[in-house]
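# Per-entry structural report
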Amino acid sequence: MKKVLKVISLVLAAIIALFLLALAVLSFVFRNEISAISSIELRKPRVENTLQGGIYQMTFKGNYYFEDYLAQGGAKNDRELLDFIMNKMTKGLLNLSIKTSKIGCSSFTAKKSDGQRLFARNYDLYTTNTCIVRVKGNKSRHASISTVDLSFINISPDRNVDNLISKAYCLAAPYAPLDGINDAGVSCGIYMTYQGDGKNIVATDQNSELPDISPTALIRMILDYADSIDDAVKFAQSYDMHDSAGTSFHIMVADKSGRSAIFEWVNASNGLDGDGSLRKLTVTYNDKDQHIGQREGEAGFQWVTNFIIQPGYYAEYNDKALVGYDRYNIMYDELLRNGAVFEDEMSAMKLLQKVAQRTLRPDRKADDTVLTIHSVIYNLDDLSTLWCGNEQYSDVDGMFRYKYNPKKKLFD
């Protein structure tokens, strides 16, 4: 009997040892993913039957394999990108998807009265959950903070991020930033352009010998590696652009030198741009934009909404023909009035409020779920952020402030 018990004890000990070994191996293999998932924090809860989506924060201190993504030559489409993310980050355990919709956004550059440079951004879409993503800097990448729409990575706006599956989807967040800033004072954002053949939106789909990239992956590259706007331009010039989810985009980048630029992939004119493979990258700098128009040439600041700014691209330039033309004009008028100089970040936030969805459309239908999901002011000199969700501009205490901490190499 004693021998039997001894054998059973040895077997149980072996099973426990194997279990602990397997657990240790899994913990090591998934150490970066476990760290990221465990960092997810609810900053503001979703409110049922309102337009208030949940606001979360997530921190990536370890590897999310972006260097591996670039080394393989990027991705030509959403499926290739998702396959890479699933294999690397979820080890094939989750089936991810990316989706988007018609988005209307606004940005401008300005400065504070003390000379510090600002990059401002509104992101407009249907109500959704949002994640503020912090990336810790290391020897190979900058620290950064960015914003991600969680509906893009398969998290329903009607659900909370409160279980392992939904949290695991957030592992794709580094590949889907909409805007952000890094610790070198480089900031950027992405905006839909509605390019196409006059009837349908057509994605940019370049096909040369260059490696491939999507707009949000280019944003990630800029945040991770760009020391200046010149680096951002080099990155954009070194890749074939493949717009995500059948839509078309342009990108705006600024750095603390006061320079900014708008990246646009264009072809043809009169608004007819139906072959995305023929588009070429055009970079328009804030100090070299006289060809765009008199207003742009005379202004030291730069601003952008949801139409291509290149002259002659459209047959008409008016509110009806161009998405965001009204917001474009409002921002220009306000920036011209004050010389694009604001007392502080809150003053700049007031301009974003003027071009927010509820401000522009106060008489909209009760079932209209489009709003400005987030507004953010990035200070490129102070390396700080003022972030407002769901048009809650009167809730000053509810806004989020972050500032780069060089000791932690993180935006706190």
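Data block above holds the structure.
Residues numbered from 1 in each chain as written. Predicted model: local features only at pLDDT ≥ 70, side-chain atom pairs only at ≥ 80, totals over all residues. Heavy atoms only, no water.

Another aspect to go through is unusual backbone geometry. Although it is not a glycine, L383 sits at a positive phi angle of roughly 55°. You can see L383 is positioned in the loop between β16 (370–379) and β17 (384–389). Of note, the phi angle at E391 is positive, near 60°, even though the residue is not glycine. Inspection of the secondary structure puts E391 in the loop between β17 and β18 (400–405). Note on E391: relative accessible area 10%, which makes it buried. (Helix = DSSP H or I, 4+ residues; strand = E, 2+ residues; numbered from the N terminus. Buried < 20%, exposed > 50% of the residue type's maximum accessible area, 1.4 Å probe, protein only.)

In this approach, a probe sized like a water molecule rolls over the atoms, and the result shows the empty space that is left. Tallied over the entire structure, the rule returns 2 cavities of 30 Å³ or more. Quantified by volume, the second largest cavity comes out at close to 50 Å³. Every residue lining the second largest cavity is listed: I262, T284, D289, I292, E296, Q302, W303, I309 and Y328. Per-class residue counts for the lining of the second largest cavity are 5 nonpolar, 2 polar and 2 charged. (1 Å grid on protein atoms, 1.4 Å probe; cavity = no way out; pocket = protein on both sides within 12 Å on 5 of 7 lines; lining within 4 Å. Points joined across faces, edges and corners; volume = space filled by probe spheres on them. Nonpolar A, V, L, I, M, F, W, Y, C, P; charged D, E, K, R; others polar.)

Inspection of every chain in the model, using the stated rule, returns 18 aromatic pairs. Each residue in the set F301, W303, F307, Y325, Y328 and Y332 is aromatic and connected to the rest through ring pairs, giving one cluster. Positioned above the aromatic ring of Y332, the side-chain terminus of R295 is 4.8 Å from the ring centre. (Phe/Tyr/Trp six-rings, centres within 6.5 Å; stacked < 30°, edge-to-face > 60°. Lys NZ or Arg CZ within 6 Å of the ring centre and 35° of its normal.)

Further remarks concern the nonpolar core. One broad trend across soluble globular proteins is that nonpolar side chains are buried collectively. With 121 residues, the main nonpolar core has Y69, F108 and L218 as its most contacted residues. Looking at this core, the element that brings in the most residues is helix α6 (residues 215–225), giving 6 residues. Ignoring sequence-local partners within four residues, the contact set of L218 consists of I213, F235, A236, M241, I251 and W265. (Core = buried A, V, L, I, M, F, W, Y, C linked by side-chain atoms within 4.5 Å. Contact = heavy atoms within 4.5 Å.)

We now examine a positive patch on the surface. On the surface, K61, K136, K139 and K409 cluster together into a patch of positive charge. Tracing the backbone through its elements, the reader meets K136 in the loop between β5 (130–135) and β6 (144–149). In this structure K136 comes out as partly exposed when scored by relative accessible area, which is 31%. (Patch = residues over 30% accessible without salt bridge, like charges linked within 9 Å, V, L, I, M, F, W, Y side chains within 5 Å. Areas by Shrake-Rupley, 256 points an atom, 1.4 Å probe, with all protein chains shown as cover. Salt bridge = Lys/Arg side-chain N within 4 Å of Asp/Glu carboxyl O. Lys, Arg positive; Asp, Glu negative; His and termini not counted. Charge placed at Lys NZ, Arg CZ, Asp CG, Glu CD.)

This part covers the sheet that holds strand β1 (residues 41–44). Whenever strands of a sheet pair, they do so through backbone hydrogen bonds, lying parallel or antiparallel. The strand order across the open sheet built from 9 strands is β1-β2-β5-β6-β7-β8-β11-β12-β13, with neighbouring strands paired in mixed fashion. Where the open sheet ends on each side, the last strands, each with one partner, are β1 and β13 (280–285). Between one strand axis and the next, the sheet turns through 20° on average, direction left out of account. Where β6 and strand β7 (residues 179–182) come together, 4 bridges link them in antiparallel fashion. Residue pairing for β7: T147 is matched across the bridge by D179. Helix α7 (residues 229–237) contacts β11 (249–254), β12 (260–266) and β13 of the sheet and is inclined by roughly 10° relative to β12. (Pairing = 2+ DSSP bridges. Axes fitted to C-alpha atoms, helices over the stretch in contact; angles between N-to-C directions.)

Further remarks concern helix α10 (residues 345–354). Among the residues of α10, E345, M346, A348, M349, L351 and L352 are the ones counted as buried. Between the side-chain oxygen at the start of α10 and the backbone nitrogen of M346 there is a gap of 3.3 Å, and the oxygen is on D344. (Polar contact = N/O pair within 3.5 Å; in protein donor to acceptor, adjacent residues only side chain to side chain.)

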